[in-house]
Structures are given as C-alpha cells and as structure tokens.
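Architecture at a glance
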Amino acid sequence: MAWDENSKIWMDGEFVALKDAKINILSHVVHYGTSVFEGIRCYETEKGPAVFRLEEHMQRLIDSAKIYKMEIPYTKEELMDAVIETIKVNNLKSCYIRPITYRGFGELGVNPLSCPIETTIAVWEWGSYIGEEEMENGANIGVSTWRKPAPDTLPVMAKAGANYMNSQLANLEAGEHGYDEAILLDYQGYVAEGSGENIFIVENGKIITPNLASVLRGITRDTVITLAKDLGYEVTEEIISRERLYLADEVFFTGSAAEVTPIRAIDNREIGIGKRGPITKELQDAFFELVEGKSENDHGWLTYI
Ligand code: PPE
C-alpha cells in the first residue's frame, strides 16, 4: 500500500495532512487500546463514487462506542457528512474508509472517564484484501489455535481496536503456517469467523453462517444474506462444528475489506471442488453488481458522492 503523506485526514472537523495528523503519546488509546472503528468501502460507479451502506457503518460506530461509554459528540448524519467531505477533499474515485473514535490524553490509569473522545477519518485506495488471485481461485485457510474471547470477556459486537489483538494472534499464526488467513473458533470450540471476516458455508444448495453469539455483526454478512434470499436461497444461522467446514460444498468469507472471498482449502483439506464454487461466484457477482451501482435492486445502500 502506497501512502500519500499529504492525504487529508478529518480530525474532529479539521482536515490535517497525514504527516501532521498526530496524537499525544499518553493518550488512553495508546496504553489501553481504547478505540472503536469502522471499515467501509467507496466504489467507483457510472454515477461517480458511492459509499456502500454508510449509514449502517456509522450506526455501528455509535453502537460500539456506547458499549464502552464513549459518547461521540456528533450525530450519525454529521459523521456521514464528514466521511463524504473526506472523500471529496482527497479526490478519490474508490477507496477504503477508516473512521475511528478513541480516548485521547487525560489522566493515565484504567478508568477512561477523564480522557477526551476524539474522532478521525482516513481514506485510502485499497485493493482486494486477501488477494486478486484468491478472489478468483479461493484462499487457503487454517483454523487457529487462538479462540474468540468468551462473551463475558471482550464484547464482540463492539468493533473495538482491542479485539484485534486477538485477531492478530490468529492472523500471525496463519501466516506462519503458510495460510492466507485464519478462522477462529468460539470459546466453546464452534466456528466463529475469520480474523477480519464473517464466514459462510454452502451445504446442498443451502447457505449457513454462525449466529451472532461470538462474531461481529458484519454489514457484508447482512448484505450477502439479503442477496442470497433475493436470489431464492435458504439462509440459516447455525452452530457449525469445525469438521463441518471440511465437508461443506463451498466456504467463503465476507467483510468490507474482504468483500466476498472464496475459500479453496481449510487445514490442508480441499473444500468442494477445490476452487471458487458456483454459489460463491453467483453471490460474488451479485455483490459487485450491487456495490458498483449496476443492480436495479440496490436496497438504497449506495450514498453517491
Ligand atoms: N468479523 C471481523 C472480526 C471483522 O473485523 C470484520 C470486518 C467482519 C467480521 C466483517 O464485517 P463487515 O465489514 O461489517 O462486513 N473487518 C474490517 C477490518 C479489516 C482490517 O484488516 O482492518 C473490514 O473489513 O473493514
């Protein structure tokens, strides 16, 4: 990824060049990981750049903050406008958008209440998450020895920076074992999600995904469930055991960054035909048609810049 040091970052209402967009080293976030964030994509369409499901992402940012008693001093509409302005000033046709709210510099110590709530938004060009080649032929995935935290430890419904300490352990381990990405099991040992993606399996033409007990409430997950139902598929949320992954006809990941990424192997076992399956391809095509503004039934999910 090539960074433009003059790229404009929205910092609580001001645009600051990336090279000058700094925070205090004693900020609460640096010491205790006190942040909540979003990952959103803006796609190039015939009618100009369009942000996909902007409102749902900003609502989730506010929801994540609520869990941690971080009151964001902007309305959802103001946050949506700030994202749009940031894309405009950076003059990008398509980009990844990263809004983040964190606790700044106040008192140090675990109690966060004296530390101010700060919000920034960055945008940059970001291609396929796992890889172009994998989008077509499928990714090679391993189940991690690291599990998702139990529900009474770190709440997974908050998209909090600290959750990604768990994700990065799994992702690092996957890389060390030669895999493209990791799948994490939940605290009981059932399939949860990828380090930065939700997961789906296809069995006999039916589409199945884990319920929300131990996974992020993914917006792409919801998009793909909606698209699959629109296409006439049955979609259910189930408890999925590890070996059921191996026997599935198809497995794929979803995420704002990962979009719809096929999986060709898990734990060195070929999945289905060993490459992107037909239903995954159908959903991938429907997804890109939708986000690129080519679908008639776009559910009102595109915010044109
Ligand atoms: N689970 C996790 C753990 C996760 O991080 C993501 C998104 C998802 C599921 C899918 O959620 P959604 O984007 O709403 O469909 N991961 C973000 C961060 C990736 C990163 O490397 O950073 C993303 O896709 O933007």
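Relevant structure appears above.
Owing to the predicted nature of the structure, the values given are computational and were not obtained by experimental measurement. (Residues numbered from 1 in each chain as written. Predicted model: local features only at pLDDT ≥ 70, side-chain atom pairs only at ≥ 80, totals over all residues. Heavy atoms only, no water.)

1. Description of the environment of Ala82
Operational definition: In DSSP terms, a helix is any run of H or I states spanning at least four residues, a strand is any run of E spanning at least two, and both are numbered starting from the N terminus.
For Ala82, the location among the structural elements is in helix H3 (residues 76-90). When the C-alpha positions of Ala82 and Gly277 are compared, they lie 39 Å apart, and in sequence the two are 195 residues distant.

2. Comments concerning the pattern of salt bridges
Let me state the cut-off plainly: Salt bridge, as applied in this entry: a Lys or Arg side-chain nitrogen positioned within 4 Å of an Asp or Glu carboxyl oxygen. Here the term buried applies to any residue with accessible area under 20% of the maximum for its type, exposed to any over 50%, and partly exposed to those in between, with areas from a 1.4 Å probe on protein chains only.
This model, assessed by the stated rule, comprises 13 salt bridges. Arg53 serves as the salt-bridge partner of Asp222, at 2.8 Å between the closest nitrogen and oxygen. Linking Asp222 in helix H6 (residues 219-230) with Arg53 in the loop between strand E5 (48-52) and helix H2 (54-67), this pair joins segments that are 169 residues apart in sequence. Residue classification places Asp222 among the partly exposed positions, given a relative accessible area of 33%. Overall, Arg53 belongs to the buried group, its relative accessible area being 7%.

3. Comments concerning the pairing of strand E12 (residues 206-209)
What counts here: A pair of strands is considered paired only if DSSP assigns at least 2 bridges between the two. When the strands point away from the viewer and the connection leading from the first strand across the helix to the second strand turns clockwise, the crossover is called right-handed.
Direction of pairing for strand E11 (residues 198-203) relative to E12: antiparallel, over a ladder of three bridges. Bridge pairing links Glu203 to Lys206 in E12. Joining the antiparallel neighbours E11 and E12 is a turn of two residues, in which Asn204 adopts a positive phi near 45°. In the sheet, E12 pairs with strand E13 (residues 235-237) via three bridges, with the strands oriented parallel. Note that in E13 the partner of Thr209 across the bridge is Glu237. The β-α-β motif built from E12, the intervening H6 and the parallel element E13 has right-handed crossover chirality.

4. Overview of a negative patch on the surface
Selection criterion: A residue counts toward a patch only above 30% relative accessible area and without a salt bridge, and it is joined to like-charged neighbours within 9 Å or, for Val, Leu, Ile, Met, Phe, Trp and Tyr, to nonpolar neighbours within 5 Å. Accessible areas in this description were obtained via Shrake-Rupley with a 1.4 Å probe; residue shielding takes into account the shown protein chains only. Charge assignment: positive for Lys and Arg, negative for Asp and Glu; neither His nor the chain ends contribute. Think of each charge as sitting on NZ of Lys, CZ of Arg, CG of Asp or CD of Glu.
Taken together, the side chains of Glu132, Glu133, Glu136 and Asp180 present a region of like negative charge at the surface. By the secondary structure assignment, Asp180 is in the loop between helix H5 (163-176) and strand E9 (181-185).

5. Comments concerning the nonpolar core
In plain terms, the rule: Note on terminology: a nonpolar core comprises buried Ala, Val, Leu, Ile, Met, Phe, Trp, Tyr and Cys residues joined through side-chain atoms within 4.5 Å. In what follows, a contact means two residues having at least one pair of non-hydrogen atoms within 4.5 Å.
Counting 25 residues, the largest nonpolar core has Val51, Leu54, Met58, Val83, Ile87, Cys95 and Ile97 as its most contacted members. Listed by contribution, the elements that provide at least two residues to this core are strand E4 (40-45), H2, H3, strand E6 (95-103) and strand E7 (117-124). Broken down by element, the residue count for this core peaks at six residues, all from H3. Setting aside its immediate chain neighbours within four residues, Met58 contacts Ile40, Lys76, Leu79, Met80, Val83 and Pro99. Core analysis: the second largest hydrophobic core is formed by 22 residues, Ala50, Val235, Val260 and Ala286 among them.

6. Describing a nonpolar patch on the surface
Side chains of Ile23, Ile25, Leu26, Val30, Tyr32, Phe105, Leu108 and Val110 sit close together on the surface and give an oily, nonpolar patch of about 750 Å² of accessible area. As for its placement among the helices and strands, Phe105 is situated in the loop between E6 and E7.

7. A word on the site of the ligand
To keep things clear, this is the line we draw: If a single non-hydrogen atom of a residue is within 4 Å of a molecule or strand, that residue counts as near it. A 3.5 Å cut-off defines polar contacts: any pair of N or O atoms within that distance qualifies, except that in protein one atom must be a possible hydrogen donor and the other a possible acceptor, and neighbouring residues in sequence count only when both atoms are side-chain atoms. Residue classes follow a fixed rule: Ala, Val, Leu, Ile, Met, Phe, Trp, Tyr, Cys and Pro count as nonpolar, while Asp, Glu, Lys and Arg count as charged, and any other residue, Gly among them, counts as polar.
Neighbouring the ligand are 20 residues; Tyr96, Tyr129, Tyr164, Glu193 and Thr220 lie closest to it. A distance of 2.6 Å is found between an oxygen atom of the ligand and a side-chain nitrogen or oxygen belonging to Thr220. One of the side-chain N or O atoms of Ser256 is found 2.6 Å from an oxygen atom in the ligand. Surface burial for the ligand is 93%, taken as the share of its 550 Å² of free accessible area covered by protein chains. Counting residues per element, the ones that place at least two in the shell around the ligand are E6, H6 and strand E14 (250-255). Taken together, the residues of the shell around the ligand sort by class into six nonpolar, nine polar and five charged.

8. Here we look at the packing of H6 against helix H8 (residues 278-291)
In plain terms, the rule: With axes taken as lines fitted to C-alpha atoms, and helix axes fitted only over the stretch in contact, angles between N-to-C directions fall between 0 and 180 degrees. Throughout this description, any angle smaller than 35 degrees is read as roughly parallel, any larger than 145 degrees as roughly antiparallel, any in the 65 to 115 degree range as roughly perpendicular, and the remainder as oblique.
Contact pair H6 / H8: the axes reach a minimum separation of 10 Å and the direction vectors enclose 110°. As summarised for this structure, H6 and H8 are arranged roughly perpendicular, according to the angle between their axes. Across the interface between the two elements, Thr220, Thr223, Val224, Leu227 and Ala228 of H6 pack against Leu283, Ala286, Phe287 and Leu290 of H8. When the residues that make up the contact of H6 with H8 are grouped by side-chain class, the tally is seven nonpolar, two polar and no charged.

9. Digging into the side chain of Arg53
A polar contact of 3.4 Å, which involves the side chain of Arg53, links it to the backbone oxygen of Ile219. When near neighbours in sequence (up to four residues on either side) are disregarded, Arg53 contacts Ile219, Asp222, Thr223 and Trp301.

10. Some points on the packing of aromatic side chains
Put simply, the test is: In this scheme Phe, Tyr and Trp rings, the latter by its six-membered ring, pair at centre separations within 6.5 Å, and the angle between planes marks the pair as stacked below 30 degrees, edge-to-face above 60, and tilted otherwise.
Overall, the coordinates contain 11 aromatic pairs when judged by the stated rule. With centroids separated by 6.0 Å and ring planes inclined at 80°, the aromatic side chains of Phe52 and Phe287 adopt a geometry described as edge-to-face. Here Phe287 lies in helix H8 and Phe52 lies in strand E5, a separation of 235 residues in the sequence. A connected cluster of aromatic rings, assembled from ring pairs, spans Trp3, Tyr96, Trp124, Trp126 and Tyr129.

11. Digging into the environment of Leu108
Structurally, the position occupied by Leu108 is in the loop between E6 and E7. The partly exposed category is assigned to Leu108, whose relative accessible area is 40%. Residues Leu108 and His31 lie 77 residues apart in sequence; the distance between their C-alpha atoms is 8.4 Å. Those residues in contact with Leu108, other than ones at most four positions away along the chain, are Leu26, His31 and Tyr32.

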